[in-house]
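Chain by chain, the residues run as shown.
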Amino acid sequence: MRRSAGTSNKSQAQELHDRLKTEAWRQVELGSLPHMTWDDAGLRWLDERSHKASLKKDMIELAWLQTYFRGMFLDKMDRNFIQEVLEIKRKETSPANANRYLALIRAILNSCIEWGWLHHAPKLRQYHEPKRRIRWLYPEEAAKLLELLPEHLRDMAGFSLATGLRQANVAGLRWDQVDMARRVAWIHHDQSKNKKPLGVNLTNSAITILQRQIGRHLTQVFTYRGKPVKQTNTKAWRKALEKAGITDFRWHDLRHTWASWHIQSGTSRERLQEMGGWESVEMVRRYAHMAPEHLAEDSAKIESILEKVCPHGTNTSQPHIFALPKKMVTA
């Protein structure tokens, strides 16, 4: 074991050395758990997951948790204390955001069990999250939004609608990832969310947008005043949304819009999964309700029963069997 004692006092350093040596002996000979802190666990977690695409997000969350967990020994972190900290985050933000922090805490503590630092981790209760509907735009809304955006954001948003690529992939797209002749583009494994390479077919609209970018920058496709675009959630973006009368809409919802349009146009879920680079077809299933036509044949299977129950159901000139009472109709 090699570490700093955090002091220039020799007797204090010797005392720490002796304590660590005793603990190491107890772990080997008696099977005792090491006396590790949350700080130790957080550092090891970050070190072992340095390859993660979401590492920066984990670091931000860990920095917030350090306010409450700094220096705490892992065996002293009980369920009640952790839930109190999560309740602070819930009140600051939302149940959904608090659940993201809960997931990180749970993952780190479960790793501590694997490392031999804990016998078991406390069971944590997740907050209820209301299901968010998928936000997407009708073609008329999308056209209005694009018209109101400044040129650089208009081209990036249009390219997102044509390809379904995430914001980071559009903003970071380089010319060496594009083959105009073959009408394809590539997202490398280290640029994709699931760490798998993705091939993108370029539609006529996507090609037209790319042609407008030629000559503006040697390496980057999308730029603003000669520099790569790093931020899309700008004042200009929010102002365009407001003028277009579009509410509760994020840049990532352009990807939802692309997927929704595909489902409504008859693209199969399996094909859409491959085009969008989703890990499983279950990720695409959330768009299925937008095109229920494929269930029409099954829906009609009880039609013969309905004709007996509601004999006038298809005759609009006859009173409906489920017509409202006259008082209710008059009211």
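This one's a predicted model, so the numbers in the text were calculated from it and none came from an experiment.

Draft legend 1. Inspection of the sheet that holds strand β1 (residues 178-179) at higher detail. Reading across from one edge, β1-β2-β3 is the order of the three strands in this open sheet, with antiparallel pairing throughout. Taken across any chain shown, the strands that pair with only one partner, and hence form the sheet edges, are β1 and β3 (198-201).

Draft legend 2. Representation of the confidence of the model for the protein chain within the structure. Per-residue confidence for the protein chain gives a mean pLDDT of 85, with 87% of residues at or over 70. Across residues 316-331, confidence stays below pLDDT 50; counting only partners more than four residues off in sequence or on other chains, it has six contacts.

Draft legend 3. Main features of a nonpolar patch on the surface. Taken together, the side chains of Ile302, Ile305, Leu306 and Val309 make up a nonpolar region of the molecular surface, amounting to roughly 350 Å² of accessible area. Topologically, Val309 is positioned in helix α14 (residues 303-309). Here Val309 falls in the partly exposed class, since its relative accessible area comes to 47%.

Draft legend 4. Seen up close, the pairing of strand β2 (residues 184-187). Pairing geometry for β1 and β2, over two bridges, is antiparallel. Each residue of the ladder has a partner; that of Asp179, found in β2, is Val184. Where β1 folds back on β2, the antiparallel hairpin that results is connected by four residues, among which Arg183 adopts a positive phi of roughly 60°. As paired strands, β2 and β3 are joined by four bridges and run antiparallel to one another. The residue of β3 that forms the bridge with Val184 is Asn201.

Draft legend 5. Expanded view of unusual backbone geometry. You will see that Arg183, though not glycine, has its phi angle at about 60°, which is positive. Relative accessible area serves as the criterion here: at 32%, Arg183 is assigned to the partly exposed category. Phi at Arg225 is positive, roughly 55°, even though this residue is not glycine. Positionally, Arg225 belongs in the loop between β4 (223-224) and β5 (227-228).

Draft legend 6. Expanded view of the layout of surface pockets. In this structure, the largest pocket spans a volume of roughly 1,800 Å³. Lys57, Arg166, Lys193, Arg250 and His252 are, among the 38 residues lining the largest pocket, the residues nearest its centre. Looking at the lining of the largest pocket, the elements with two or more residues in it are α3 (55-69), α5 (95-115), α8 (167-171) and α11 (253-264). For the lining of the largest pocket, the element with the highest residue contribution is α5, accounting for four residues. Across the lining of the largest pocket, the residue classes break down as eight nonpolar, 12 polar and 18 charged.

Draft legend 7. Region of the structure containing a positive patch on the surface. A cluster of basic residues, Lys235, Arg238, Lys239 and Lys243, forms a positive patch on the protein surface. Along the chain, Lys243 falls in helix α10 (residues 235-244). Owing to a relative accessible area of 55%, Lys243 belongs among the exposed residues under this scheme.

Draft legend 8. Region of interest: the environment of Ile209. Here Ile209 lies in helix α9 (residues 204-213). Judged by relative accessible area, Ile209 falls into the buried class, the value being 8%. For the pair Ile209 and Phe159, spaced 50 residues apart in the sequence, the C-alpha separation amounts to 6.8 Å. Aside from chain neighbours lying at most four places away, what touches Ile209 is Asp155, Gly158, Phe159 and Phe222.

Draft legend 9. Structural context of the packing of aromatic side chains. Taken as a whole, this structure holds 11 aromatic pairs when the rule is applied. Ring pairs connect the aromatic residues Trp38, Phe69 and Phe81, which therefore count as one cluster. Its guanidinium or amino end placed over the ring of Trp64, Lys89 lies 4.3 Å from that ring's centre, counting from NZ or CZ. Here the basic side chain of Arg255 rests over the ring of Trp278, its NZ or CZ set 4.2 Å away from the ring centre.

Rules behind the numbers
- Along each chain, the written sequence defines residue order, and numbers are assigned to residues from 1.
- Given that this is a predicted model, residues contribute local features only at a pLDDT of at least 70 and side-chain atom pairs are listed and counted only at 80 or more, while totals for whole chains, interfaces and linings are drawn from all residues.
- With hydrogens and water set aside, each side-chain value is computed from the structure's full complement of heavy atoms.
- Strand pairing requires that DSSP identify at least two bridges connecting the strands.
- Starting at the N terminus, helices and strands are each numbered in turn, a helix being any DSSP run of H or I of at least four residues and a strand any DSSP run of E of at least two.
- Looking at any residue, its pLDDT shows the predictor's confidence there, from 0 to 100.
- We call two residues in contact when some of their heavy atoms are within 4.5 Å.
- The patches reported here contain residues having more than 30% relative accessible area and no salt bridge. Joining distances are 9 Å for like charges and 5 Å for nonpolar side chains (Val, Leu, Ile, Met, Phe, Trp, Tyr).
- For the area figures, the Shrake-Rupley method with a 1.4 Å probe applies, and any residue is considered shielded solely by the protein chains shown.
- Take a side-chain nitrogen of Lys or Arg and a carboxyl oxygen of Asp or Glu: if they are within 4 Å of each other, that pair is a salt bridge.
- Partly exposed residues are those whose accessible area sits between 20% and 50% of the maximum for their type, while under 20% is buried and over 50% is exposed, using a 1.4 Å probe and protein chains only.
- With a 1 Å grid spanning the protein atoms alone, the term cavity applies to any set of points in which a 1.4 Å probe fits but cannot get out, the term pocket to an open set with protein on both sides within 12 Å along at least five of seven lines, and the term lining residue to any residue with an atom within 4 Å of a point.
- Grid points are joined across faces, edges and corners, and a volume is the space filled by probe spheres set on the points.
- In the scheme used here, Gly and all other residues not listed as nonpolar or charged are polar, with Ala, Val, Leu, Ile, Met, Phe, Trp, Tyr, Cys and Pro taken as nonpolar and Asp, Glu, Lys and Arg as charged.
- Within this scheme the basic residues Lys and Arg register as positive and the acidic residues Asp and Glu register as negative, but His and the chain ends are omitted.
- By convention, the point assigned to a charge is CZ for Arg, NZ for Lys, CD for Glu and CG for Asp.
- Only centres within 6.5 Å qualify two rings of Phe, Tyr or Trp (six-membered ring in Trp) as a pair; their planes then separate them into stacked at under 30 degrees, edge-to-face at over 60, and tilted for everything else.
- Here, a charge over a ring is recorded when the distance from Lys NZ or Arg CZ to the ring centre is within 6 Å and its angle to the ring normal is within 35 degrees.

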